[in-house]
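The chain contents come next:
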Amino acid sequence: VTQVNMVFGTPAYISPEQAEGSDNADTRSDIYSLGVLLYEVVTDQPAWSQDQWRKLPSIQWSRFLRENKPPMPSLILQQDSRTVDLAKQVRGDIDQIIRKAMSANPSDRYASAFGLAADIRRWLAGSPVVARPLSPFEQLKRYVNAHRWQAGTLLVSLAGIVAIGLL
């Protein structure tokens, strides 16, 4: 029988609000757990080690989750020479997608699994992700990569205009 203020779940995968036994847990708690799973899939290791949980009484789990963040996935990957190239792909957007999903504050997480999936689809398509606002230079770079033919045509046209102006 579960009750309010009772911790129910696997410690390494529960959200801070679940860890405190709150009755305010909603779908964003599931997003947190999906973020933990995504972290584990990307890095091939858990976000939180079992040793960390064994040392803490369950009453302190929520505080631990609110006050600590696991290392960025790209940092974990770059420690192993076999995954350095993968670390380069993960650095930036995937790091931020996972960080947003695992935010200690539920209002900072994706509102639904659909939102998380949409951001992953944006990353796969080379589009800007919601989890990380891009600088104007990054936006231009991604636009050029996605529209190479149009960007090349524009560049040749601008070079022609400049050349005519110099004559």
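Each remark here, short or long, concerns the structure printed above.
Residues numbered from 1 in each chain as written. Predicted model: local features only at pLDDT ≥ 70, side-chain atom pairs only at ≥ 80, totals over all residues. Heavy atoms only, no water.

**Describing empty space enclosed by the protein**
The test is simple: Definitions used throughout: a 1 Å grid over protein atoms alone; a cavity as a set of points that fits a 1.4 Å probe which cannot get out; a pocket as an open set with protein on both sides within 12 Å along at least five of seven lines; a lining residue as one with an atom within 4 Å of a point. Grid points are joined across faces, edges and corners, and a volume is the space filled by probe spheres set on the points. Helix and strand assignments come from DSSP, with helices taken as H or I runs of at least 4 residues and strands as E runs of at least 2, each series counted from the N terminus.
According to the stated counting rule, one finds one cavity of 30 Å³ or more in the structure shown. In this model, the largest cavity occupies a volume close to 40 Å³. As for the largest cavity, its lining consists of Y39, P70, P71, M72, P73, D95, I98, R99 and M102. Broken down by element, the lining of the largest cavity gets its largest block of residues, three residues, from helix α7 (residues 93-101).

**Examining the packing of aromatic side chains**
Rules: What counts as a ring pair is set by centres within 6.5 Å for rings of Phe, Tyr and Trp (its six-membered ring), and what kind of pair is set by the plane angle: stacked under 30 degrees, edge-to-face over 60, tilted for all other angles. Only protein chains enter the accessibility calculation, which uses a 1.4 Å probe; a residue is then buried when its area is under 20% of its type maximum, exposed when over 50%, and partly exposed in between. A positively charged side chain is recorded as over a ring if its NZ (Lys) or CZ (Arg) lies within 6 Å of the ring centre. The angle to the ring normal must also be within 35 degrees.
Taken as a whole and judged by the stated rule, the model has one aromatic pair. Arranged with centres 5.0 Å apart and planes meeting at 70 degrees, the rings of W48 and F64 form a pair that is edge-to-face. Note that W48 is positioned in the loop between α2 (27-43) and α3 (50-55) and F64 in helix α4 (residues 61-67), a separation of 16 residues in sequence. When sorted by exposure, W48 lands in the same class as F64, which is buried. A cation over an aromatic ring shows up here: K100 above the ring of Y110, its NZ or CZ 5.2 Å from the ring centre.

**Focus: the packing of α7 against helix α8 (residues 113-125)**
Stated precisely, the cut-off is as follows: Inter-axis angles, ranging from 0 to 180 degrees, are taken between N-to-C directions of lines fitted to C-alpha atoms, where helices are fitted over the stretch in contact. Note on angle classes: values under 35 degrees are labelled roughly parallel, values over 145 roughly antiparallel, values of 65 to 115 roughly perpendicular, and the remainder oblique. Here, two residues are considered to be in contact whenever any of their heavy atoms come within 4.5 Å of each other. Basically, the charged four are Asp, Glu, Lys and Arg, the nonpolar ten are Ala, Val, Leu, Ile, Met, Phe, Trp, Tyr, Cys and Pro, and anything else, Gly included, counts as polar.
For the pair α7 and α8, the least separation of the axes is 11 Å and the interaxial angle reads 175 degrees. In terms of orientation, α7 lies roughly antiparallel with respect to α8. For the pair α7 and α8, contact is made by D93, I94, I97 and A101 and by L116, D119, I120 and W123, respectively. By residue class, the composition of the contact of α7 with α8 is six nonpolar, no polar and two charged.

**Brief notes about α7**
When we look at burial in α7, the residues that qualify are D93, I94, D95, I97, I98 and A101. Buried positions along α7 lie against α2, α5 (73-78), α6 (84-90), α8 and α9 (136-146).

**Section: the packing of α2 against α7**
Direction vectors running N to C along α2 and α7 enclose 145 degrees, while the axes themselves pass 7 Å from each other. Mapping the contact onto sequence places I31, Y32, G35, L38, Y39 and V42 in α2 and I94, I97, I98 and A101 in α7. For the contact of α2 with α7, the per-class residue count stands at nine nonpolar, one polar and no charged.

**So, the pattern of salt bridges**
Inclusion rule: Put simply, a salt bridge is a Lys or Arg side-chain nitrogen that is within 4 Å of an Asp or Glu carboxyl oxygen.
A full pass over the atoms with the stated rule returns seven salt bridges. The shortest N-O distance in the salt bridge between R109 and E17 comes to 2.7 Å. Of this pair, R109 sits in the loop between α7 and α8 while E17 sits in helix α1 (residues 16-19), and the two are 92 residues apart along the sequence. Accessibility assignment for this pair places R109 and E17 in one class, buried. The residue R66 makes a salt bridge to E20 at a minimum N-O spacing of 3.4 Å.

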